[in-house]
Each structure stands twice: as C-alpha cells, then as structure tokens.
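# Structure at a glance
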Amino acid sequence: MKSLNSRRTRAIVVAIAAGSLALTGCSENEGGSSSKDSKKDQTEAAEQSKAVVYGDAAASTGPAEEVAGAKSGGTIQVYQESGLTHLDPGQIYVSDAGQVANLLYRGLTNFEEDGKGNVSVVGDLATDSGTSSDGGKTWTYTLKDGVKDQNGNAITSADIRHSIERTYAEFIFDGPTYLQTWLSGAKYREALPDGGFGSKHLPDSVLETPDAKTVVFHFDTARPDLPQTLAMPGYTVVPEKSDTKEKYDTAPVSTGPYKIAEYKVGKSMKLVKNENWDPKTDSVRHQYVDGFNFDFGVTESTQTSRLIADQGDSKNAIQFTGGVEATQIQKVISDPAVNKRTIKGYQPYVMTLTFNLDRVKNKAVRDAITYGINSKSLIAGEGGAYGGDAAANLFAPTLPGYEAAYDPYGRLKTPAGNIEKAKELLKDVPAAEKKLVFAYSNSEAGQKRKVAIEDSLTKIGIDVVSKEIDSASYYEQIGKVANPYDMYITGWGQDWPSPGTVITPIYDGDQIADGSSNYAHINDPKVQELIQKALTQEPTEAAATWKEAHHYILEKVNPAAPLWYTKQFQLYGSNIGGARYSTESSYIDITRLFLKS
C-alpha cells in the first residue's frame, strides 16, 4: 500500500478534499451504496478532509509502489450494465468511461492516493505536477523520456498540443470545457473552429510548445487548479498521427497499461496488455493481470447474484461502476464471507430531479415538486441507507462548503415529501403546466426510479408522462439543448474539491450547448455574476461567494430538486486481490488489481 511518505511531495495545499474526488467529472451513471449508518457516513466523509498536494519529480517517478501480495497473470471479468457512450478521451465526462480511461490513457498529470484518504496530483506523462510562474498565470510541463503509444510512437509536445486543440472541434461535445474556456473564453470554438486539424493553431501566447518535450500554458488569470484539471480523463492524450476524428470514439489508441483488442459497442470489450507501456514512467498504474474482459448488459441484480455465488469466472470478476442490487443487500451483509468481499464509501454525487427551464417555466411548479418529491422511496430503490441519504441541497457531504443544515425545502424533515405544501403551490397552476414529460434510463435502476417518480408526483397532482432512454446514451440525450423532456434525474460530483467544479459546469449560462452539463439550461445574470466573481478570488474568499451562489440558485431559481446523496457498495470475486475503495473515482480502485491465483 502506497503512503505519500514513501515519496517526496511538494507540500502545496491546493484544496480541501472532503471525501471523494470525482475523477470523471461527473455525471453519475447508475448504482451505488455504502454503510447503513448515515450519520456515521457523513462524519467519515468530513473526516476525510485532507490537503491535496502537488507532487514533485520524485513523487512522479515510476514504477508505482508494489501492491502487497500481488501476482501477475490471468484475466479479470468485468460486469457492467450500461455500455459506454464514449471512448474518445475528449468526450469522456461520465464515471464509467472515466474508470476505463485510467487503464487506457495517460495525461500530463494524474491523481495518486494511498488508501488512507491522502490524495496527491503527480506527473503522469509529465515529470511533475507542473511549475507555475507569473503569479500562477503560466504553467510549464516537461514530458518524461520513454513514453510511447501502443504503436511504439513517442509522445511529444505536439501530441499534447493536438490533444488540447482537438477539444475545440465541433465533434467534441460531451467532455469537460475548463481548459478550453480558460485558454480562449466561453466562445472558445471560434478561436479554433477546425480544432487544430487545419493549418491554424492556438498562438504561442496561449499554448506554447518550444521543443518536443515542453508544454507551456498561458492564462489571463491565475489558474491554481490546473494540475487537477489536467488529471481529468477528458484531457488525456490523443496521439496526433492516430487521430481519426469522429471514428476515434470506437477505436482509440492507448498510452496506458492496457489496449483494446476487441470492442463490440454495447456488448463486450476485451483489453490486453499494451507492450509499449513502460512501468518505469508511471507512478500510479500497475499491469498485473493480462487483461480485462468487459461484459455489458449484465444487470446489477445478475451481477450481485453471480458475485454472491462466487463460482467459475465470477471468482475473477468485479463490479465496475455498478453496486450491490438493493434487494440483495441483506444477503451480502449477513454473510461474513461475502461481506468481506465488498468496498464501501461515500460518493461525491448529488442526485437531483433536474428541470428543463426552457419548458418548465413556472417556478411554482418546480417548487411544488421540490417540496413534494419522495426521496425516501427513491432511496429505498437504491438500497435504503446503504444506497444514499436524503439530500437537503445541491452540495454533497464530500464537497468543501457543504452545509448539512441548509435545507430550504424541508427535505430532511419530510423526506417522503410535503404533499400539503406541494398541493398548495399547485392549486392555481393551469392543468397544462402540470403535465410533465419525465425522461428515464432503461436500466434496472432507471426503471425503479421511474416508478418512484410517477407515484410521488401523481400524489401532488402532477400528470407524469414517462419516456424511456437507452442507458448508454442517457446523458447524451438529455444533454441536447432541444431535448423534448421536462425533467430527468441527473447526478453530479465535483471534478476536484471545489464548489466551482459543481456550480460552473452545471449552472453557468455560458455552458449551455449540446453536450453541456447544464442540463437545466439555467441562464441567470446573478448566477453569472457570482460565478465570475468567485473565479477571480482566492479560495477562502471564493468560498463565501460560492455559498451565496448556491443559496441563490436553489432558492431563487430552483433548477433542480435535491433527491439523495449517493454511497457506493460494490462486490468482487474471491480471487480478486488488491481491491480497495478509491476516493479518487468513488469506485473500486482499478489501477492496482490482481488475481490471487
């Protein structure tokens, strides 16, 4: 088990990591759970608050520290219900693809953790986490020697430039936009319409590559969070020679320890060792097993049943981003031999019933639903207290700035819904405005949520029309600005421990676009003003501004009804070694697994 003390780290406090760092940004896919003691869970989430440090060259030098008892060989079976929406790094902003990305791709930086809640940012392709100058406006990175892609081509600064510039292209629409907007503003696509595929590139005054090993970022204001931003899967490298634009999504090129040998979209994927990955250049990942076989379309109930039985290939299997299915939780926790094969933890996600403000324009309707929605029934479908806690607001317990007592709609007092209050708000609303289209995922979890939503909202007088969406493309469909839905359940977790990585991506009006995470289409001048103010302040000052923005958004606009805070409770086979909960991804730590025999 790696301790941060085993390598020198440059002790720069960059944020308070209260709990999970949502590696993938983070729209949450389906599933999750943890322990049954909610108060204890939230206390532990708060106790996980530790300073994140930026690692120096020693901390960034491979190989990664060996996992105790690790052996080489064998193939891990991966059970997953939904297929992957994207494999193109620039399109990755959902947690399942983020997990896959850590096996396949490398970026300038990456998160490293020790299993005790200590998290650092280290150099991945770069020699360290970055060197800042000019008051934090300029960041310089030097590439490591010996880093190649799966085809044996050396990764150079030109590949880094290309990977960033291609995110400006129109065909990249689902990934993070922090770096692009920091470099070129909200209308960044206008700065490079062809995404660098033509003769035009970003000027050296913005992005500079003076030689094959050096990359320099120039910003108009200090960007102290850059090392964490670059650790996101959405900014991992796409080798320029291999880029096939739109086609890259189904046949990407690896720079990580594994590569794709076979991929049948929505059905299966086989990963094998990437022979051109050099462990001496990687301080985070391992390559213990020969590969991973992904089986998509396996429901959480089937995953759980197989892993409880622990027979045949299931001994070598893991749940990837799914969790123990709610009706089988008691089976797992009541059998010590099975329960010891679980990982648990608080996740960074807040699940909300998000309103499409282009369609649900009457705030009285939104407020009535927020008061009347039954979080208790929804959480029951997730596994009760093992699956989550009723959410009082839009900040998770894992986020700096979380206020446990901030509950403007009485969600904690009436988690089953304040039906009288909701009906009162709706009494003068025309019938046409009370007929709402609810979009839901066709997964097992999505089906349960549909039933709970219909039952809950019907009781307060809402006429719910439910529309099914394929689970693999769920976020892509609701992410279309002109989508035909009034409301949908979404989950968001911080990209790194700052309220800005919650409020900016999902409540910033400048982010409204197809593929954007502003699923509510909120575009409020006051919110914009507060976001811009917070982004120019030091973290301590900014905390008060983010708090003001949070309160204003929830009380004065109400773009999303808080439903529940998620927990994770995953099961794995008896032959899996090295399993632990990742505070970075909020799932099983995919970087260190091995087979015991």
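Now for a look at the structure at hand.

Definitions and cut-offs
- Residues numbered from 1 in each chain as written.
- Predicted model: local features only at pLDDT ≥ 70, side-chain atom pairs only at ≥ 80, totals over all residues.
- Heavy atoms only, no water.
- Buried < 20%, exposed > 50% of the residue type's maximum accessible area, 1.4 Å probe, protein only.
- Helix = DSSP H or I, 4+ residues; strand = E, 2+ residues; numbered from the N terminus.
- 1 Å grid on protein atoms, 1.4 Å probe; cavity = no way out; pocket = protein on both sides within 12 Å on 5 of 7 lines; lining within 4 Å.
- Points joined across faces, edges and corners; volume = space filled by probe spheres on them.
- Nonpolar A, V, L, I, M, F, W, Y, C, P; charged D, E, K, R; others polar.
- Axes fitted to C-alpha atoms, helices over the stretch in contact; angles between N-to-C directions.
- Parallel < 35°, antiparallel > 145°, perpendicular 65-115°, else oblique.
- Left-handed = near helix turned anticlockwise from the far one by under 90°.
- Contact = heavy atoms within 4.5 Å.
- Salt bridge = Lys/Arg side-chain N within 4 Å of Asp/Glu carboxyl O.
- Pairing = 2+ DSSP bridges.
- Arc of directions from axis to C-beta.
- Polar contact = N/O pair within 3.5 Å; in protein donor to acceptor, adjacent residues only side chain to side chain.

Turning next to helix α2 (residues 95-104). For α2, a buried count of ten out of ten residues is recorded, marking the element as mostly surrounded by other parts of the structure. By the burial criterion, the buried members of α2 are S95, D96, A97, G98, Q99, V100, A101, N102, L103 and L104.

With that settled, the discussion passes to unusual backbone geometry. Residue G62 is joined to P63 through a cis peptide bond whose omega torsion reads 0°. With respect to the helices, strands and loops of the structure, P63 is situated in the loop between β3 (53-54) and β4 (75-80). Its identity is not glycine, yet D134 carries a phi of approximately 55°, on the positive side. The exposure class assigned to D134 is exposed, which follows from its relative accessible area of 53%. In this structure, D310 takes a positive phi of about 55° despite not being glycine. Its place among the elements puts D310 in the loop between α6 (300-309) and β14 (317-319).

Space inside the second largest pocket adds up to approximately 750 Å³. Every element with two or more residues in the lining of the second largest pocket is listed here: α4 (178-184), α14 (500-507) and α15 (525-535). With four residues, the top contributor of residues to the lining of the second largest pocket is α4. Considering only residue class, the lining of the second largest pocket consists of 13 nonpolar, 13 polar and nine charged.

Moving on, we come to the packing of α15 against helix α16 (residues 539-557). Taken N-terminus to C-terminus, the directions of α15 and α16 make an angle of 165°; their axes are 9 Å apart at the nearest point. As judged from the angle between their axes, α15 and α16 are roughly antiparallel. Note on packing geometry: the crossing formed by α15 with α16 is left-handed. In this structure, α15 uses K526, V527, L530, I531, K533, A534 and L535 to contact α16, whose residues at the interface are A542, T545, W546, E548, A549, Y552 and I553.

Here we take up the packing of helix α9 (residues 363-372) against helix α12 (residues 444-460). Axis separation between α9 and α12 bottoms out at 10 Å; the angle between their running directions is 115°. Judged by the sense of rotation from one axis to the other, the crossing of α9 with α12 is right-handed. Residues A368, I369 and G372 of α9 pack against S456, L457 and I460 of α12. Classifying every residue of the contact of α9 with α12 gives four nonpolar, two polar and no charged.

As a working rule, side chains carrying opposite charge can pair if their charged atoms are close by. The tally for this structure, following the rule as stated, stands at 23 salt bridges. In this structure, K567 engages D389 in a salt bridge whose closest nitrogen and oxygen atoms are separated by 3.0 Å. Of this pair, K567 sits in strand β20 (residues 560-571) while D389 sits in strand β16 (residues 388-390), placing them 178 residues apart in sequence. For D389, a relative accessible area of 7% gives the class buried. The closest approach of N and O atoms between K526 and E548, which form a salt bridge, is 3.7 Å. On the criterion of sequence distance, the pair formed by K526 in helix α15 and E548 in helix α16 is long-range, its members being 22 residues apart. Given the relative accessible area of 28%, K526 is considered partly exposed. By relative accessible area, E548 is classed as partly exposed at 37%. Several salt bridges converge on common partners, so that one network encompasses R106, D124, D282 and R285.

With that settled, consider the pairing of strand β11 (residues 258-264). Summarising the sheet, β11 and strand β12 (residues 268-273) pair through six bridges and their orientation is antiparallel. Across the sheet, Y258 pairs through a bridge with K273, a residue of β12. Between β11 and β12, which follow one another and run antiparallel, lie three residues, and G266 among them has a positive phi close to 80°.

For the rest of this paragraph, the subject is helix α10 (residues 375-382). Because each turn of an α-helix spans 3.6 residues, side chains separated by three or four positions in sequence point in the same direction. Among all positions in α10, only S375, L378, I379 and E382 are buried. Buried positions in α10, seen along its axis, are confined to an arc of 95° and lie on one side of it. Those residues of α10 that are buried are in contact with β16, α12, β19 (487-492) and β20. Of the residues flanking the start of α10, the one acting as N-cap is N374, its side-chain oxygen 3.0 Å from the backbone nitrogen of K376. A positive phi of about 115° marks G383, the residue just after α10.

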